[in-house]
Amino acid sequence: MDTQTDGRRWHDMGGQDAGPICDNQHDFSLWEKRVDALMILCSGKGYFTVDGLRRVLEDMGEEAFETMSYYERWIASINQNLIESGAYTTEELATKMAKVEARGETYGDASLGK
Amino acid sequence: MGTPALVNDPFAVGTSVRIRPLMPPGHVRAPTYLRGKTGTIERAIAPFKNPEQLAYGLPAKEHMLYRVRFRAGDVWDKDAENPDDMIEAEIYAHWIEKMDQSHAA
């Protein structure tokens, strides 16, 4: 191996063997579109930039790349960046998540709740 | 925050350059496959705030972004199917160094 490639990080894939390209088409689900919109909002409001999104995605490592879907990784990174930029605290996040969970698992349950 | 200072001297179009052969940890915007490779400045695009600082939520100085042109044979060596094909990549000034006599082929 060339010495200059020592220390190459997992996401820096240019020139590596990649195998065949998967050209399956699929639509995005509603929550995935919301994650995408959330990123645009966060950037527009100045909480963090797409560079921060990428930095956390890279730091999540190759295992996350193999086990989580594209937007699952995005929402994890967006959350990390929002905590780092002071948009909310982990405690506030936990309280909100518990509230949302209490509404029920489906839109039907949630609409019948308070 | 004020206007960030523009850092790094601009490289003239056609200048022979090398992408710095460094491998730091952290968020880096120069792909590994080009580090240590030689090419020429194709154009200066525009200055942008350094994404390697923005990635950590830090105030960032502006660095010039260049389009750098590489010969496939110089990048992939014997693996290049068409060694005279060109690859162009956008690289920030702080990752670029001028070729001097000790580097020239």
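Here's what I pulled together on the structure shown here. Quick caveat: nothing in here was measured; it's all calculated off a predicted structure.

### What about the overall build of chain A?
Turning to step 1, where the next piece is worked out: Each helix and strand counted, chain A has five helices and zero strands in total.
Turning to step 2, where the next piece is worked out: Reading the helices (α) and strands (β) of chain A from amino to carboxyl end gives α-α-α-α-α.
Turning to step 3, where the next piece is worked out: Taking 2.2 N^0.38 as the reference for a compact globule, 114 residues should give roughly 13 Å; the C-alpha atoms of chain A span a radius of gyration of 18 Å, well beyond that estimate.
Turning to step 4, where the next piece is worked out: Summarising its shape, the C-alpha atoms of chain A cover approximately 60 × 35 × 25 Å along the three principal directions.
Turning to step 5, where the next piece is worked out: Looking at chain A residue by residue over its 114 residues, the buried ones come to 11%.
Turning to step 6, where the next piece is worked out: Expressed as a percentage of contacts within chain A between residues at least 6 apart in sequence, the contacts between residues at least 24 apart total 59%.

### Thoughts on the overall build of chain B
Turning to step 1, where the next piece is worked out: Across its full length, chain B carries two helices and six strands.
Turning to step 2, where the next piece is worked out: Reading the helices (α) and strands (β) of chain B from amino to carboxyl end gives β-β-β-α-β-α-β-β.
Turning to step 3, where the next piece is worked out: Classification of the 105 residues of chain B by burial places 27% in the buried group.

### Some points on the interface of chain A and chain B
Turning to step 1, where the next piece is worked out: Facing the 17 residues of chain A at the interface are 13 residues of chain B.
Turning to step 2, where the next piece is worked out: No other element matches the five residues that helix α2 (residues 50-67) of chain A contributes to the side of chain A that touches chain B.
Turning to step 3, where the next piece is worked out: When the residues that make up the side of chain A that touches chain B are grouped by side-chain class, the tally is one nonpolar, eight polar and eight charged.

### Describing helix α1 (residues 30-44) of chain A
Residues and elements named next belong to chain A.
Turning to step 1, where the next piece is worked out: Over its 15 residues, α1 runs 21 Å from end to end, which matches the ideal 21 Å to within 8%, given 1.5 Å per residue.
Turning to step 2, where the next piece is worked out: When we look at burial in α1, the residues that qualify are V35, M39 and C42. The arc that holds every buried residue of α1, seen down its axis, measures 70°, which confines them to one face. Pointing more than 90 degrees away from the buried face of α1 are the exposed residues L30, K33, A37, I40, L41 and G44.
Turning to step 3, where the next piece is worked out: G46 occupies a position one or two residues after α1 and carries a positive phi of about 85°.

### Examining unusual backbone geometry
Residue and element names in this part refer to chain B.
Turning to step 1, where the next piece is worked out: At D77, a residue that is not glycine, the phi angle is positive and equals roughly 55°.
Turning to step 2, where the next piece is worked out: Relative to the elements of secondary structure, D77 occurs in the loop between α2 (72-76) and β5 (86-92).
Turning to step 3, where the next piece is worked out: Its 11 C-beta neighbours within 10 Å are what place D77 among the exposed residues.

### Digging into the nonpolar core
Turning to step 1, where the next piece is worked out: Formed by 17 residues in total, the largest nonpolar core has its most connected members in Y66, V68, I91 and I96 of chain B.
Turning to step 2, where the next piece is worked out: Those elements giving two or more residues to this core turn out to be β2 (16-19), β4 (62-71) and β5 of chain B.
Turning to step 3, where the next piece is worked out: Looking at this core, the element that brings in the most residues is β4 of chain B, giving four residues.
Turning to step 4, where the next piece is worked out: Of all hydrophobic cores here, the second largest spans seven residues; its members include V35, C42, L53 and V56 of chain A.

### A short note on the environment of K96 of chain A
Residues and elements named next belong to chain A.
Turning to step 1, where the next piece is worked out: One can find K96 in helix α4 (residues 90-102).
Turning to step 2, where the next piece is worked out: Look at K96 and you get exposed, because 11 C-beta atoms sit within 10 Å.
Turning to step 3, where the next piece is worked out: In this structure, the C-alpha to C-alpha distance between K96 and K33, residues 63 residues apart in sequence, is 21 Å.

### Focus: the pairing of β4 of chain B
Residues and elements named next belong to chain B.
Turning to step 1, where the next piece is worked out: The sheet contact formed by strand β3 (residues 38-49) and β4 spans eight bridges and is antiparallel. Across the sheet, residue A46 finds its bridge partner in β4, namely L65.
Turning to step 2, where the next piece is worked out: In this sheet, β5 lies alongside β4 in antiparallel orientation, the contact comprising seven bridges. Note that in β5 the partner of L65 across the bridge is Y92.

Conventions and cut-offs
Residues numbered from 1 in each chain as written. Chains lettered and ligands numbered in written order. Predicted model: local features only at pLDDT ≥ 70, side-chain atom pairs only at ≥ 80, totals over all residues. Helix = DSSP H or I, 4+ residues; strand = E, 2+ residues; numbered from the N terminus. Rg over C-alpha atoms; globule rule 2.2 N^0.38 Å. Buried ≥ 20, exposed ≤ 12 C-beta atoms within 10 Å, placed from the backbone. Contact = placed C-beta atoms within 7 Å. Nonpolar A, V, L, I, M, F, W, Y, C, P; charged D, E, K, R; others polar. Expected span 1.5 Å × (residues − 1). Arc of directions from axis to C-beta. Core = buried A, V, L, I, M, F, W, Y, C linked by C-beta atoms within 7 Å. Pairing = 2+ DSSP bridges.

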